[in-house]
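Residues per chain, in single letters:
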Amino acid sequence: MPSHQTRVILVRYGQSTYNQQEKFQGQSPHSQLTEQGHWEAQQTGLALQRLTPTTIYSSPLPQAQQTAEVIWQSFRSHPPHFQITESLREIHLPTWQGLSYRVVQEQFAQEYRIWRQDPQQLQMPTPERVSLLPPLGGDGATSPLFYPVLELYNQARQFWREILPQNVGKTILLVTHRSTIRALISTALGLAPQHYHRLQQGNCGITVLNFALCSHQLEQEIPPFGQLETLNLTSHLGQTLPRLKSGQEGLRLLLVPSGVNTDIIQCERLSQWLQTIPIHFSLTGDLLESDQLTDHLLRYHPTTLQLQVMREDFPQVWQRTLQTRHAFSPHPDHPSLVTGLVVARDSLIRQFLAQVIQLPPEQLWRIQLQGGAVSVLYCPLNEHGAPTLQALNFRPC
């Protein structure tokens with residue numbers, strides 16, 4: 001059946017005043033771009049110039065709209081259409097917005113635990129009643145409630161149903177918020193909302209989704225499904241790898257596929273790009289190509305512990321690596337971030353990434369892997385913390 005490829009570029013806004021102040025933003029209109037955020041938006045516009053989107057869609061909230069306007073100015077020779085849409089608003093957290101992370105964690109401890117562990121179960125008072133109600137769990141908290149994450153996912157599905165049929169065969173750019181981007185990716189790939197926190201999106205990180213839309217999908221309004229090409233690319237901001245919050249500890253895996261088209265120039269660029277990153281150990285598949293690629297990538301890391309794994313053992317090694325993350329800390333009494341390089345055939349890397357984000361095995365094709373790029377997985381030291389996909393196909397500028 002004939003299909004038409006549509007490319008969707010998603011960008012989170014640049015650093016905002018609420019980011020700087022470590023506050024929950026929700027749909028508050030009081031957060032603005034900082035000077036750093038304005039610079040990030042400029043760099044993102046320069047990085048996107050060659051992609052020539054036909055339309056830029058922006059959230060109406062100030063920090064997103066300001067970012068979108070800066071990016072739009074970089075397309076002066078061929079300015080795309082600019083459109084504000086309510087469907088790209090941030091998740092609505094009326095009880096928390098404007099409060100610091102610390103205050104929320106202390107005063108709404110139970111709700112915050114649900115937010116982190118079972119986000120689809122988080123409930124809040126309906127927005128129009130917020131000022132009249134005590135915190136959840138207190139006396140009188142029997143008024144109507146709503147589910148912020150579930151509502152956000154419904155908003156994302158509706159956005160896809162409305163926008164994709166209008167842009168068949170085109171490239172469009174969405175400038176919006178971290179939570180909204182997570183919901184858009186999840187609904188495009190068919191991921192459940194309980195795994196909402198497993199996708200990272202930094203300020204002005206670039207994510208790309210591709211949709212091959214068949215005519216019967218457009219006619220019957222079947223919920224669209226896409227393919228993830230890139231997640232959270234921030235190298236245009238001078239970041240060697242996506243940033244982690246200060247003080248985060250645990251295991252970080254750099255996943256590089258072999259068996260895909262990777263030429264010597266790409267390999268050399270990647271090895272030079274990673275030379276400033278401490279790499280404590282490596283896991284290598286049984287392919288000769290994997291072994292050679294590992295040696296090349298570690299040319300600037302002569303002291304790295306190298307381990308080779310037979311192909312049939314790789315799934316078990318993955319599990320042991322994640323389950324024994326404490327053992328990789330060089331100083332058990334003072335845990336730190338430990339980084340491992342994993343080089344294996346692309347099918348194994350794809351299977352593992354799918355397992356992390358809970359993508360069904362029959363949907364592996366929705367994850368695209370590229371030669372000369374690295375995907376980044378972070379596993380917090382806390383044994384109850386879920387792994388987070390920090391980046392997919394991260395590459396040098």
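Computed from a prediction, not measured in an experiment: that's the story for all the values here.

Comments concerning the overall build of the protein
A count of helices and strands for the protein gives twelve helices and 14 strands. Counting only residues that meet the buried cut, the protein has 54% of its 397 residues in that class. Of the contacts made within the protein by residues no fewer than 6 positions apart, 77% connect residues no fewer than 24 positions apart. As presented, the protein carries roughly 17700 Å² of accessible surface, and 48% of it is formed by carbon and sulfur atoms.

Quick word on the side chain of T187
Along the chain, T187 falls in helix α7 (residues 178-189). Under the relative-accessibility criterion, T187 is labelled buried at 10%. Here the side chain of T187 touches A183 through a polar contact of 2.8 Å, landing on its backbone oxygen. Within polar-contact distance, the side chain of T187 engages the backbone oxygen of L184 at 3.2 Å.

Quick word on the pairing of strand β9 (residues 250-258)
Both faces of the sheet carry side chains from a regular strand, because those side chains alternate between them. Taking burial as the measure, the nine residues of β9 include nine buried ones, the bulk of the element. When β9 meets strand β13 (residues 374-380), the two strands line up antiparallel, connected through six bridges. Residue pairing in the sheet places G250 in a bridge with P380 of β13.

Focus: α7
The end-to-end C-alpha distance of α7, which contains twelve residues, comes to 17 Å, matching closely the 16 Å that a straight helix rising 1.5 Å per residue would cover. Of all twelve residues in α7, eleven are buried; the element is thus mostly enclosed. Of the residues making up α7, those classed as buried are S179, T180, I181, R182, A183, L184, I185, S186, T187, A188 and L189. Taken from the residues just after α7, G190 is the one with a positive phi, measuring 85°.

Considerations on the packing of helix α6 (residues 148-163) against α7
α7 packs onto α6 with a crossing angle of 65° between their chain directions and a minimal axis gap of 9 Å. The two elements α6 and α7 meet at a crossing, and its hand is right-handed. Contact residues: L152, Y153, Q155, A156, R157, F159 and W160 in α6; S179, T180, R182, A183, L184, S186, T187 and A188 in α7. When the residues that make up the contact of α6 with α7 are grouped by side-chain class, the tally is eight nonpolar, five polar and two charged.

Remarks on the environment of T230
Mapping T230 onto the fold places it in strand β8 (residues 227-233). By relative accessible area, which is 7% here, T230 ends up buried. Taking the C-alpha atoms as reference points, T230 and R395, 165 residues apart in sequence, are found 9.7 Å from one another. Ignoring sequence-local partners within four residues, the contact set of T230 consists of I206, T207, V208, Q370, L392 and N393.

Section: the side chain of H195
Locating H195 in the fold gives a position in the loop between α7 and β7 (206-214). Other than its neighbours up to four places away in sequence, H195 contacts I357 and Q358.

Focus: the pattern of salt bridges
Applying the stated criterion across every chain, the model contains five salt bridges. Two residues, E86 and R89, come together in a salt bridge whose shortest N-O distance is 2.4 Å. Look at E86 and you get partly exposed, because its relative accessible area is 48%. Here R299 and E268 are joined by a salt bridge, their closest N and O atoms 2.5 Å apart. With R299 in the loop between α10 (288-297) and β11 (305-308) and E268 in helix α9 (residues 264-273), this residue pair connects regions lying 31 residues apart in the sequence.

Describing the packing of helix α2 (residues 35-48) against helix α3 (residues 62-73)
Running from N to C, α2 and α3 point in directions that differ by 40°, and their axes come no closer than 8 Å. Classified by the angle between their axes, α2 and α3 sit oblique to one another. Between α2 and α3 lies a crossing whose hand is right-handed. Seen from α2, the contacting residues are H38, A41, Q42, T44, G45 and L48; seen from α3, they are T67, V70 and I71. Along the lines of polarity and charge, the residues of the contact of α2 with α3 split into four nonpolar, five polar and no charged.

About the cut-offs
Residues numbered from 1 in each chain as written. Predicted model: local features only at pLDDT ≥ 70, side-chain atom pairs only at ≥ 80, totals over all residues. Heavy atoms only, no water. Helix = DSSP H or I, 4+ residues; strand = E, 2+ residues; numbered from the N terminus. Buried < 20%, exposed > 50% of the residue type's maximum accessible area, 1.4 Å probe, protein only. Contact = heavy atoms within 4.5 Å. Areas by Shrake-Rupley, 256 points an atom, 1.4 Å probe, with all protein chains shown as cover. Polar contact = N/O pair within 3.5 Å; in protein donor to acceptor, adjacent residues only side chain to side chain. Pairing = 2+ DSSP bridges. Expected span 1.5 Å × (residues − 1). Axes fitted to C-alpha atoms, helices over the stretch in contact; angles between N-to-C directions. Left-handed = near helix turned anticlockwise from the far one by under 90°. Nonpolar A, V, L, I, M, F, W, Y, C, P; charged D, E, K, R; others polar. Salt bridge = Lys/Arg side-chain N within 4 Å of Asp/Glu carboxyl O. Parallel < 35°, antiparallel > 145°, perpendicular 65-115°, else oblique.

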